[in-house]
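Residues per chain are reported as follows:
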Amino acid sequence: MAVLGTGYLGATHAVCMAELGFTVIGYDVDTAKVARLSVGEVPFFEPGLEELLRKNLESGRLSFTAEIGDVATWADVHFICVGTPQRPSDGGADLTYVDAVVDALIDTGLAPGALVVGKSTVPTGTAAALAARIHAAAPDAELAWNPEFLREGFAVNDTLRPDRLVFGVMPDGAAEARLRAVYAQTIEAGTPVVVTDYATAELVKVAANAFLATKISFINAMAEICDVAGADVLELATSIGYDARIGSRFLRPGIGFGGGCLPKDIRAFQARATELGAADSLAFLAEVDAVNLRARGRAVTLTRSALGGTVDGRRLGVLGAAFKPNSDDIRDSPALDIAAALAADGALVTVYDPAAVPNARPRYPSLNYASSVREAVTGADAVLVLTEWGEFRELDPAALLSYVAGAVMVDGRHALDAARWRAAGWTYHSLGRPAAA
Ligand code: UGA
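Everything numeric in this text was worked out from a predicted model, so none of it was measured.

How each quantity is defined
- Residues numbered from 1 in each chain as written.
- Predicted model: local features only at pLDDT ≥ 70, side-chain atom pairs only at ≥ 80, totals over all residues.
- Helix = DSSP H or I, 4+ residues; strand = E, 2+ residues; numbered from the N terminus.
- Contact = placed C-beta atoms within 7 Å.
- Pairing = 2+ DSSP bridges.
- Axes fitted to C-alpha atoms, helices over the stretch in contact; angles between N-to-C directions.
- Near = placed C-beta within 6 Å.
- Nonpolar A, V, L, I, M, F, W, Y, C, P; charged D, E, K, R; others polar.
- Domains from an automatic or database assignment.
- Left-handed = near helix turned anticlockwise from the far one by under 90°.
- UniProt positions renumbered as here; feature names shortened; annotations may be inferred.
- Buried ≥ 20, exposed ≤ 12 C-beta atoms within 10 Å, placed from the backbone.
- Expected span 1.5 Å × (residues − 1).

Enquirer: How do you make sense of the environment of glycine 26 when you look at a structure like this?
Expert: Mapping glycine 26 onto the fold places it in strand S2 (residues 24-27). Distance in space between the C-alpha atoms of glycine 26 and serine 281 is 39 Å, their sequence separation being 255 residues. Those residues in contact with glycine 26, other than ones at most four positions away along the chain, are Val3, Thr6, Gly10, Ala11, Ala14, Leu37 and Phe64.

Enquirer: Explain the sheet that holds strand S9 (residues 315-319) here, please?
Expert: The strand order across the open sheet built from six strands is S11-S10-S9-S12-S13-S14, with neighbouring strands paired in parallel fashion. With partners counted over all chains shown, the strands left at the sheet margins are strand S11 (368-369) and strand S14 (427-429), one partner each. Sheet strands in contact with helix H12 (residues 283-306) are strand S12 (382-385), strand S13 (408-411) and S14, and its direction is about 170 degrees off that of S13. In the packing of helix H13 (residues 334-344) onto the sheet, contacts are made with S9 and strand S10 (348-352), and the angle to S10 comes to roughly 160 degrees.

Enquirer: Where do I start with the site of the ligand in this structure?
Expert: Residues in close proximity to the ligand total 22 residues, the closest being Glu152, Arg252, Phe257, Gly259 and Cys261. For the shell around the ligand, the secondary structure elements donating two or more residues are helix H9 (198-229) and helix H11 (262-275). Considering every element that reaches the shell around the ligand, the biggest residue donor is H9, with three residues. Residues belonging to the shell around the ligand are distributed by class as follows: 10 nonpolar, six polar and six charged. Looking at which domains feed residues into the shell around the ligand, each of domain 1 (2-196) and domain 2 (205-289) supplies at least three.

Enquirer: Explain the packing of H9 against H11 to me, please; I cannot follow it from the model alone.
Expert: Axis angle and axis distance: for two packed helices, these are the angle between their axes and the distance between the axes, and together they describe the pair. At their nearest, the axes of H9 and H11 sit 9 Å apart, and the two run at 115 degrees to each other. Viewed along their axes, H9 and H11 form a crossing whose handedness is left-handed. Counted together, Val206, Asn209, Ala210, Leu212 and Ala213 of H9 and Leu262, Asp265, Ile266 and Phe269 of H11 form the full contact between these two elements. When the residues that make up the contact of H9 with H11 are grouped by side-chain class, the tally is seven nonpolar, one polar and one charged.

Enquirer: It is not clear to me how the UniProt feature "binding site: substrate" (unreviewed entry) in the chain should be interpreted in this structure. Could you clarify?
Expert: Taking the numbering used here, the UniProt-annotated feature "binding site: substrate" (unreviewed entry) corresponds to Phe149, Leu150, Arg151, Glu152, Lys205, Phe250, Leu251, Arg252, Pro253, Gly254, Gly258 and Lys324. These residues run over 176 residues, and the two farthest C-alpha atoms among them are 24.6 Å apart, placing them at more than one spot. Take leucine 251: it is sitting in the loop between helix H10 (233-241) and H11. Residue contacts for leucine 251: discarding those within four places in its chain leaves Lys215, Ile219, Ala237 and Gly241. Here glycine 254 is to be found in the loop between H10 and H11. Residue classification places glycine 254 among the buried residues on the basis of 25 C-beta atoms within 10 Å.

Enquirer: Is there a simple way to explain H11 in this structure?
Expert: Residues spaced three or four apart along an α-helix point in a common direction, a consequence of the helix completing one turn every 3.6 residues. Across its 14 residues, H11 extends 20 Å between first and last C-alpha, which sits within 8% of the 20 Å expected from 1.5 Å per residue. Counting buried residues along H11, 10 of its 14 residues qualify, which places the element largely inside the surrounding structure. Considered for burial, the residues of H11 that qualify are Leu262, Pro263, Lys264, Asp265, Ile266, Ala268, Phe269, Gln270, Ala271 and Arg272. The secondary structure elements touched by the buried residues of H11 are H9 and H12. At the exit of H11 stands glycine 277, carrying a positive phi of roughly 80 degrees.

Enquirer: So what exactly am I meant to see when it comes to the domain arrangement of the chain here?
Expert: When the parts of a complex come together, some accessible area is lost, and that lost area is often taken as the interface size. Partitioning the chain into domains gives domain 1 (2-196), domain 2 (205-289) and domain 3 (295-429). A separation of 38 Å is found between the C-alpha centroids of domain 1 and domain 3. On the side of domain 3, seven residues touch domain 1, which itself brings five residues to the contact. Residues that form the side of domain 1 that touches domain 3 fall into these classes: three nonpolar, one polar and one charged.

What follows is the structure, encoded as structure tokens:
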């Protein structure tokens, strides 16, 4: 098998396919990434992945290359795992990397009967267009669309034990049977399989992410209402979540969603719907996006009011930089967006994150960086928790008091026990809960 693209998705997929017993070569144009993976280093933070990478490198089943010639004719199955970033012009998906990798395969030559499997998140219609190109160049090669639903921080588990497998295939082809063979162990373990057409497979992926984003923005809109009504959004979320039709997962209010997927996917989905003449159908996603971005602004306002109306010249200790815990990914991170806005307002902001500081430092030069919680909060007029790492949840509020200049806590993720922090002498602030709750 070849895995084309070795970012979060591709590196994890390559390692997991080798773990399932296949001989796998991971391909990437980024020679530095290939060099690091080849010596057993994962170039990003992902729990459990490095151990499995080393194990499978040692077994000889897994290797990496920057030469397309090493994989094009060699592999029976090619997984496309390259990124589809946001196009700055209209928010649509930039397919440059997908096109480049397919062109490279076609130009170098595919093995007879090769199966190309798309896993990248793409606008609907992409698979049909790629299939036509592949068939024109290699008539007996086939394309399938098999979207990936892994979450950063749980990537290995989500890849080896996914909630479902979706196979978008052409009727009458061999792709379904071949994909069933590829995923035989996962299917035997009880994972449901949906076999469908290309367009549906492409849409399942973006629809799932749109639904998740909507769920988060729904509860953050409720937090806005709770703020004006004097109600408590955590109790509200718990109460509606007991209804099994609603469910309690992905109802965590706070500063909203970020990362390399949900924000860009809802924008690309709207751009594609507009191209298809169905802009109205996804107009609500513009609201989902707006509520999400508003949560960041509300956290800035909350911090300002917690400090008496201005942050100018005040010292802030920010705990968290990654877009979520157990990740060093800072793409569209609400935490860094808020920290940078506060710095732009004149605050002296010092950020600590267990994993993401090396990524944040060059991108956000207006912020200071610390190598521990203690260093970040020493002398701070207020402390903000903006990514809910376990390390922050376990902080002892009484112990922290001796380092800070002001016992003011802004909990952007509802990560802390408000009553405990208040009892220790802190003023505790969060979005969507009464000031004294
Ligand atoms: C997301 C989806 O959950 C995956 O299923 C999907 O495969 C992936 O995008 C992708 O398209 O590749 P991921 O971006 O890793 O995964 O992160 P999530 O766990 O979904 O979190 C996204 C953001 O939502 C984070 O910033 C998180 O803090 C926020 N969030 C999540 C909330 O604010 N509240 C919640 O209740 C849950």
